[in-house]
Amino acid sequence: MKSLYYSMTPLFLFVVLIFSLSLATLAENHEDFLRCLTSLHSDDSFSISKVFYTQINSSYSAILESSIKNLRFSTPTTPKPLVIVTPLNASHVQSTIRCARKHGLQIRTRSGGHDFEGLSYVSEVPFVIVDLLHFRSIYIDVENRVAWVQTGATVGELYYRIAEKSRTLAFPGSFGHTVGVGGFISGGGYGSLFRKYGLAADNIIDAQFIDVNGRILDRKSMGEDLFWAIRGGGGGSFGIVLSWKTKLVPVPETVTVFSVGRTLEQNATKILHRWQYVAPNFPDDLYSGVLISTTNSSQHGNMTIQTIYNSLFLGSANELLQLMQKRFPELGLVREDCIETSWIESTIFWGQFPNETLDVLLDRSIASPIFSPSFKSKSDYVKKPLPEIAFQGIWNQLFEEDGRTGSVNFIAYGGKMDEIPETATPFPHRIGNLFKINYNVRWQEEDNMNSQRYISWIRRLYAYMSPFVSKSPRQAYVNYRDLDIGMNSDGNTSYKQASVWGRKYFEKNFERLVYVKTKIDPENFFKHEQSFPAIFP
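Just so it is clear, the model here is predicted, and its values are computed rather than measured. (Residues numbered from 1 in each chain as written. Predicted model: local features only at pLDDT ≥ 70, side-chain atom pairs only at ≥ 80, totals over all residues. Heavy atoms only, no water.)

Further remarks concern the overall build of the protein. A count of helical and extended segments in the protein gives 16 helices and 18 strands. A compact globule built from 537 residues would reach a C-alpha radius of gyration of about 24 Å, and the protein, at 24 Å, matches this within 12%. Across its three principal directions, the C-alpha atoms of the protein cover 75 × 70 × 50 Å. Taking the contacts inside the protein whose residues are at least 6 apart along the sequence as the reference set, 72% of them involve residues at least 24 apart. Accessible area of the protein: about 22,800 Å², with a carbon and sulfur share of 53%. (Helix = DSSP H or I, 4+ residues; strand = E, 2+ residues; numbered from the N terminus. Rg over C-alpha atoms; globule rule 2.2 N^0.38 Å. Contact = heavy atoms within 4.5 Å. Areas by Shrake-Rupley, 256 points an atom, 1.4 Å probe, with all protein chains shown as cover.)

See the structure below:
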């Protein structure tokens with residue numbers, strides 16, 4: 001044993017030496033980065049010192065955790081940024097890019113913190129977060145039906161500011177009001193208006209963007225290739241978007257919403273099977289989604305499956321009832337199920353805040369009852385209706401112990417989505433898709449130590465669904481980020497590796513995205529686990 005001890009000592013000392021040198025290099029890069037920032041703002045050193053936070057700052061943890069929406073990535077072992085920069089103006093962003101490049105630090109850009117895999121605030125290599133929480137100004141032009149909104153604003157803040165000026169204009173945004181505008185639009189962005197007006201990205205008409213060289217570009221100066229890429233190609237690959245110019249879309253003074261549940265005992269399987277055939281063909285004024293999960297049966301107290309049909313109709317309850325009785329009588333919708341409201345009030349309905357005023361839309365920190373602190377998600381697209389027998393398999397998966405906190409969400413496509421070409425933006429999932437599936441499993445923060453159980457469960461459900469969903473490639477939605485479908489390794493971004501996940505998110509648009517990446521960021525500074533390579537084959 002003694003000889004073994006002595007034989008391992010040099011190796012042990014070597015490992016300690018390398019680790020110590022790495023720490024010293026990190027510390028040096030960190031200090032050099034801060035000195036670089038300060039030197040670039042020597043005439044305003046007091047101001048710049050107020051926008052960055054290091055791990056020794058008392059506010060560091062509060063700033064870091066303020067926008068972490070998935071506590072799976074807020075554990076003691078989660079890698080933390082060396083510095084968090086919260087810029088007040090474009091020059092702060094330009095300086096951060098310049099200094100990070102100079103001193104070998106990666107940048108992660110955060111607007112709302114909803115990246116499903118935490119890529120906007122977690123990295124395995126030394127990194128800096130650019131947190132755009134101060135970039136929240138919103139300008140509404142009712143006369144021309146447009147708005148300029150900075151990337152750090154939330155969807156709820158944009159909804160609120162529009163409603164201050166008009167109750168008959170809207171933004172085709174998300175269901176969750178704390179979602180950041182920046183990431184939402186960068187990945188396409190869908191919500192209750194997408195069958196009527198398309199995705200959020202489909203309605204963007206200009207942007208303000210900072211590239212790797214610190215140039216501030218608008219649509220005209222960046223060119224149509226880059227403008228195309230940033231509207232649905234996912235965030236973190238090309239540069240940093242500071243603000244978006246979006247069209248505002250008309251909505252009626254009165255809209256109707258409903259949320260109706262049906263259990264297995266109420267013929268849920270046959271009703272859902274029928275929904276697949278009718279929902280994609282609904283008029284584009286009607287959004288239709290189905291949330292599937294387990295619940296206790298009111299008849300016997302045993303566990304059962306509950307399907308909840310959630311809809312928004314751009315019109316009155318009477319009009320909606322006539323439509324549903326004609327197209328989908330199997331649901332059995334009645335007048336008492338329907339709520340007439342304004343479009344802006346409907347956004348509170350989706351967030352399940354029944355007793356709140358519109359001011360809740362300005363609260364960036366409030367947690368919706370529909371979300372749990374920690375979660376894992378996956379996505380699919382369906383081109384042919386599922387056979388009834390497929391639903392029984394889903395039910396069996398949800399009945400498993402680790403699936404009791406799981407859910408499956410069906411979102412009907414059709415409408416405007418069938419009219420927009422799949423190459424109009426990087427988001428390709430248009431005509432031919434009946435509905436999208438979002439799989440979720442949730443758990444409490446204190447159960448993070450058991451997260452692998454839940455993740456294994458959702459992977460089994462995803463594997464089970466393979467025969468019933470899109471193929472070659474099996475498509476996925478980039479805003480439902482999923483590293484299981486492929487990722488770049490060891491900080492490198494190869495075309496071969498990236499094409500595995502890239503074609504699932506973007507199909508044939510992947511090649512054009514790689515071309516734009518190579519053109520705008522040839523040295524591949526902006527990168528993460530699912531960023532585009534700066535190489536064209």
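After that view of the structure, there is still more to cover.
Moving on, we come to the pairing of strand S18 (residues 435-443). It is a general feature of regular strands that their side chains alternate between the two faces of the sheet. The buried fraction of S18 is high, at 8 of 9 residues. Direction of pairing for strand S16 (residues 374-382) relative to S18: antiparallel, over a ladder of 9 bridges. Following the sheet pairing, Lys-376 is matched in S18 by Val-441. As paired strands, strand S17 (residues 406-412) and S18 are joined by 7 bridges and run antiparallel to one another. Bridge assignment links Ile-411 to a residue of S18, and that residue is Lys-436. (Buried < 20%, exposed > 50% of the residue type's maximum accessible area, 1.4 Å probe, protein only. Pairing = 2+ DSSP bridges.)

Take the nonpolar core next. Formed by 124 residues in total, the largest nonpolar core has its most connected members in Ile-230, Phe-238, Trp-275 and Phe-410. Counting 27 residues, the second-largest nonpolar core is a separate cluster that includes Ile-48, Val-51, Ile-107 and Val-212. (Core = buried A, V, L, I, M, F, W, Y, C linked by side-chain atoms within 4.5 Å.)

Glancing now at the sheet that holds strand S5 (residues 138-141). Strands pair in a sheet through their backbones, by hydrogen bonds, and they do so in one of two ways: parallel or antiparallel. Taking strand neighbours across the sheet as the criterion, the 5 strands line up as S5-S6-S10-S8-S9 in an open arrangement whose pairing is antiparallel. With one partner strand each, in any of the chains shown, S5 and strand S9 (216-217) form the two edges of the open sheet. Pairing geometry for S5 and strand S6 (residues 146-150), over 4 bridges, is antiparallel. Paired with Ile-140 across the strands is Ala-147, a residue of S6. Against the sheet, helix H5 (residues 155-165) engages S5 and S6, with an angle of about 35 degrees to S5. (Axes fitted to C-alpha atoms, helices over the stretch in contact; angles between N-to-C directions.)

Strand order in the open sheet formed by 4 strands is S1-S2-S4-S3, with mixed pairing between adjacent strands. The sheet terminates laterally at strand S1 (52-54) and strand S3 (106-110), the two strands that pair on one side only. Taken pair by pair, the neighbouring strands of this sheet meet at an average axis angle of 20 degrees, ignoring direction. As defined by bridge partners, S1 adjoins strand S2 (residues 83-85) across 3 bridges and the pair is classed as antiparallel. Following the sheet pairing, Tyr-53 is matched in S2 by Ile-84. The sheet contacts of helix H4 (residues 90-102) involve S2, S3 and strand S4 (127-131), and relative to S3 the element is tilted by about 150 degrees.

With 8 of 11 residues buried, H5 is to be regarded as a mostly interior element. Taken together, the buried positions of H5 are occupied by Val-155, Gly-156, Glu-157, Leu-158, Tyr-159, Tyr-160, Ile-162 and Ala-163. Elements that come into contact with the buried residues of H5 comprise S5, S6, strand S7 (169-170), helix H6 (181-186) and helix H12 (343-351).

A complete count under the given rule lists 34 aromatic pairs for this structure. Ring geometry for Tyr-495 versus Phe-510: centroids 5.6 Å apart, planes at 50 degrees, classification tilted. In this pair, Tyr-495 sits in helix H15 (residues 495-506) while Phe-510 sits in helix H16 (residues 509-520), placing the two residues 15 residues apart along the sequence. A single burial state applies to Tyr-495 and to Phe-510, both of which are buried. We note Lys-378 situated over the ring of Tyr-462; from NZ or CZ to the ring centre the distance is 4.4 Å. The residue whose ring lies beneath Arg-474 is Tyr-462, and the NZ or CZ to ring-centre distance is 3.5 Å. (Phe/Tyr/Trp six-rings, centres within 6.5 Å; stacked < 30°, edge-to-face > 60°. Lys NZ or Arg CZ within 6 Å of the ring centre and 35° of its normal.)

Following the sequence through the fold, Leu-64 ends up in helix H3 (residues 60-66). You can call Leu-64 buried: its relative accessible area is 5%. Once the C-alpha coordinates of Leu-64 and Ile-84 are considered, the two residues, 20 residues apart in sequence, prove to be 7.5 Å apart. In contact with Leu-64, not counting residues within four places along its chain, are Lys-80, Pro-81, Ile-84, Arg-110 and Ile-129.

Before going further, it helps to spend a moment on the pattern of salt bridges. Counted under the stated rule, the structure contains 29 salt bridges. Note that Arg-161 and Glu-164 form a salt bridge whose closest N and O atoms lie 3.0 Å from each other. With Arg-161 and Glu-164 both in helix H5 and 3 residues apart, the pair spans about one turn of that helix. Under the relative-accessibility criterion, Arg-161 is labelled partly exposed at 30%. (Salt bridge = Lys/Arg side-chain N within 4 Å of Asp/Glu carboxyl O.)

Turning our eyes to something else, we now look at the environment of Lys-245. Considering the arrangement of structural elements, one finds Lys-245 in strand S10 (residues 240-247). In the structure, Lys-245 is positioned 102 residues away from Thr-347 in sequence and 21 Å away in space, judged by C-alpha atoms. With sequence-adjacent residues up to four places away left out, Lys-245 is seen in contact with Val-146, Ala-147, Trp-148, Asn-203, Ile-204, Ile-205 and Asp-206.

The next point concerns the packing of H5 against H12. At a minimum axis separation of 10 Å, H5 and H12 run at an interaxial angle of 155 degrees. Here H12 runs roughly antiparallel to H5, going by the angle between their axes. Remark: the crossing between H5 and H12 carries left-handed chirality. The segment H5 lies against H12, with Tyr-159, Tyr-160 and Ala-163 engaging Trp-343, Ile-344 and Thr-347. Residue classes in the contact of H5 with H12 are distributed as 5 nonpolar, 1 polar and no charged. (Parallel < 35°, antiparallel > 145°, perpendicular 65-115°, else oblique. Left-handed = near helix turned anticlockwise from the far one by under 90°. Nonpolar A, V, L, I, M, F, W, Y, C, P; charged D, E, K, R; others polar.)

A word on the pairing of S17. Taken across its 7 residues, S17 has 7 buried, putting it largely inside the fold. Pairing of strand S13 (residues 286-296) with S17, which is carried by 4 bridges, proceeds in the antiparallel orientation. Bridged to Ile-292 within S17 is Val-408.

Right, let's get into the packing of helix H13 (residues 388-399) against helix H14 (residues 451-464). Two elements in contact, H13 and H14, have axes separated by 10 Å at closest approach and are oriented at 175 degrees. Compared by their axis directions, H13 and H14 come out roughly antiparallel. Touching Ile-389, Ala-390, Gly-393, Ile-394, Gln-397 and Leu-398 of H13 are Trp-457, Arg-460, Leu-461 and Tyr-464, all from H14. Its residues placed into classes, the contact of H13 with H14 shows 7 nonpolar, 2 polar and 1 charged.

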